[in-house]
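# A look at the structure
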Amino acid sequence: MKQIDFNQLDQFPLFEICDETASKFRQQDCFESTMLMNLSLIMEENGVTFQGPAGDTLWLDFTVDQQGVVTLDSTAFTNATANKYPGIYETMSRSMSDLPPLEPALKRGVPVAAEFRIPLVLKAKE
């Protein structure tokens, strides 16, 4: 009997614009880049930008459940970001519901919940 690696996905969660027949590497790239693009737009719409010479990296830990619903689990960022945007966790948590529809990850053809961690770079505005 083949051993099953339950930590590896057969298919990443996919946004509508991602190709489900693409390689797993391309699926992952499409998922991550589309997620980052949408979250960056949401951050901008909520006024989360930096003025000055330095930015910060906001680490987002989130889960995509078996129905494709995204839930923010936690965030990690510097004290400077926390001081400048005291409600950043709540803003990001609400923003997850504004993401485009998402197909869940698959393992052996079955929808599964999957956890992810991605960096969202907050760039300084000049």
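The structure we're discussing is the one just above.
Just so you know, these numbers come straight off a predicted model, no measurement behind them.

Cut-off values and rules
Residues numbered from 1 in each chain as written. Predicted model: local features only at pLDDT ≥ 70, side-chain atom pairs only at ≥ 80, totals over all residues. Heavy atoms only, no water. Pairing = 2+ DSSP bridges. Helix = DSSP H or I, 4+ residues; strand = E, 2+ residues; numbered from the N terminus. Disulfide = S-S within 2.5 Å. Buried < 20%, exposed > 50% of the residue type's maximum accessible area, 1.4 Å probe, protein only. Phe/Tyr/Trp six-rings, centres within 6.5 Å; stacked < 30°, edge-to-face > 60°. Expected span 1.5 Å × (residues − 1).

Next up on the list: the pairing of strand β4 (residues 70–76). Direction of pairing for strand β3 (residues 56–64) relative to β4: antiparallel, over a ladder of six bridges. Looking at β4, one finds that Trp59 is bridged to Ala76. The turn joining β3 and β4, which pair antiparallel and follow one another in sequence, is formed by five residues; a positive phi near 90 degrees is taken by Gly68.

What the rule picks out here adds up to one disulfide. Between the sulfur atoms of Cys18 and its disulfide mate Cys30 the distance is 2.0 Å. Taking the torsion about the S-S bond as the criterion, the Cys18 to Cys30 disulfide, at about -90 degrees, is left-handed. Taken together, the residues Cys18 in the loop between β1 (14–15) and α1 (24–45) and Cys30 in helix α1 connect sequence positions twelve residues apart. Residue Cys18 shares its accessibility class with Cys30, and that shared class is buried.

What follows deals with the packing of aromatic side chains. Applying the stated rule across the entire model yields five aromatic pairs. Measuring from ring centre to ring centre gives 6.1 Å for Phe15 and Phe31, while their planes differ by 20 degrees; the resulting arrangement is stacked. Of this pair, Phe15 sits in strand β1 while Phe31 sits in helix α1, and the two are 16 residues apart along the sequence. Accessibility expressed as a relative area gives 3% for Phe15, which makes it buried.

With 22 residues, α1 extends 31 Å from end C-alpha to end C-alpha; this agrees with the ideal 32 Å at 1.5 Å per step. Gly47 sits one or two residues past α1 and shows a positive phi near 75 degrees.

Our next topic: unusual backbone geometry. Its identity as a non-glycine residue notwithstanding, Arg108 has a phi of 55 degrees, on the positive side. Along the polypeptide, Arg108 turns up in the loop between β6 (105–107) and β7 (110–112).

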